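# Per-entry structural report
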Amino acid sequence: MTTVTNPVEPRTTEDSPRPRRRLAGRFFRAATSSVAATLLSQAALLTVLAMGGAPWLASAFAFAAGAVLNFFLTRRWVWGRRGKPALGHELLPYVVVISLGGFASVGLTTLTGHLLAPLNLPHAWWVVFIDGAYVLSYALVFVVKFTMLDRFVFARGAARTPATTSPS
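This write-up is about the structure you can find in this document. None of these values were measured; they are calculated from a predicted model.

## Let's talk about helix α3 (residues 87-116)
Its 30 residues place the ends of α3 40 Å apart at the C-alpha level, agreeing with the 44 Å of an ideal helix rising 1.5 Å per residue. Serine 99 marks where α3 bends most, by close to 25 degrees. For α3, the complete set of buried residues consists of Glu90, Tyr94, Val97, Ile98, Ser99, Gly101, Gly102, Ser105, Thr109, Thr112, Gly113 and Leu116.

## So, the side chain of asparagine 70
Looking at the secondary structure, you find asparagine 70 in helix α2 (residues 55-78). Taking the relative accessible area as the measure of exposure, asparagine 70 reaches 10% and is therefore buried. A distance of 3.4 Å separates polar atoms of two side chains, one belonging to asparagine 70 and the other to serine 33. With residues near it in sequence (within four places) discarded, asparagine 70 still touches Ser33, Ser34, Ala37, Arg75 and Tyr94.

## Side note on the packing of α2 against helix α4 (residues 123-153)
Close contact between α2 and α4 brings their axes to 11 Å; oriented N to C, the two are set at 45 degrees. In terms of axis orientation, α2 runs oblique to α4. Crossing angle aside, the handedness with which α2 passes α4 is right-handed. Two secondary-structure elements touch here, α2 through Pro55, Ser59, Ala62 and Phe63 and α4 through Trp126, Ile130, Tyr134 and Tyr138. For the contact of α2 with α4, the class distribution of residues is seven nonpolar, one polar and no charged.

## Looking at the environment of threonine 74
Checked against the element boundaries, threonine 74 lands in helix α2. Threonine 74 sits in the buried class, given a relative accessible area of 2%. In sequence terms threonine 74 and serine 34 are 40 residues apart; their C-alpha atoms lie 8.4 Å from each other. Apart from the residues within four sequence positions on either side, threonine 74 is in contact with Ser33, Trp79 and Tyr94.

## A closer look at the packing of aromatic side chains
Under the definition given, this model contains nine aromatic pairs. Ring-pair connections join several aromatic residues into one group, and the members of that group are Phe27, Phe71, Phe72, Trp79, Tyr94, Phe142, Phe146 and Phe154.

What counts, and at which threshold
Residues numbered from 1 in each chain as written. Predicted model: local features only at pLDDT ≥ 70, side-chain atom pairs only at ≥ 80, totals over all residues. Heavy atoms only, no water. Helix = DSSP H or I, 4+ residues; strand = E, 2+ residues; numbered from the N terminus. Expected span 1.5 Å × (residues − 1). Bend = angle between axes of the 7 residues up to and from the residue. Buried < 20%, exposed > 50% of the residue type's maximum accessible area, 1.4 Å probe, protein only. Polar contact = N/O pair within 3.5 Å; in protein donor to acceptor, adjacent residues only side chain to side chain. Contact = heavy atoms within 4.5 Å. Axes fitted to C-alpha atoms, helices over the stretch in contact; angles between N-to-C directions. Parallel < 35°, antiparallel > 145°, perpendicular 65-115°, else oblique. Left-handed = near helix turned anticlockwise from the far one by under 90°. Nonpolar A, V, L, I, M, F, W, Y, C, P; charged D, E, K, R; others polar. Phe/Tyr/Trp six-rings, centres within 6.5 Å; stacked < 30°, edge-to-face > 60°.

Given below as structure tokens:
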């Protein structure tokens, strides 16, 4: 009698495509919720700019509007958290991570406003360029923000209490 052995090593969970699919799903949902937050931010930004507000004020107001929506949307839909947010494990780290993106946005829109000032552009074109700088800044930091939120803020071990997570 001959025994046949399988030379292939068994697949571990690290090798499984399932975690990669889950990561891709989270990334897609995060991108989608980011688009929703960006649309709200755009409405806020353009409203403040159209009323003659300074670029720093417009981008700060837009950042705050999008950040609040994005926190609740990503917390629930992307990372499956429910219940009251844990202040020290979710809310404060989230604020730190997105604030870095917010500072980049405010800085870039303010810099763009200063660079455009000597050109004496018509107001409509000035708004278009400021808005472009705002959107570009968020596109540049999205992947970094997603990684930090996924690995540190809403990581599997973060805030694992029954009140803040869904049943697994």
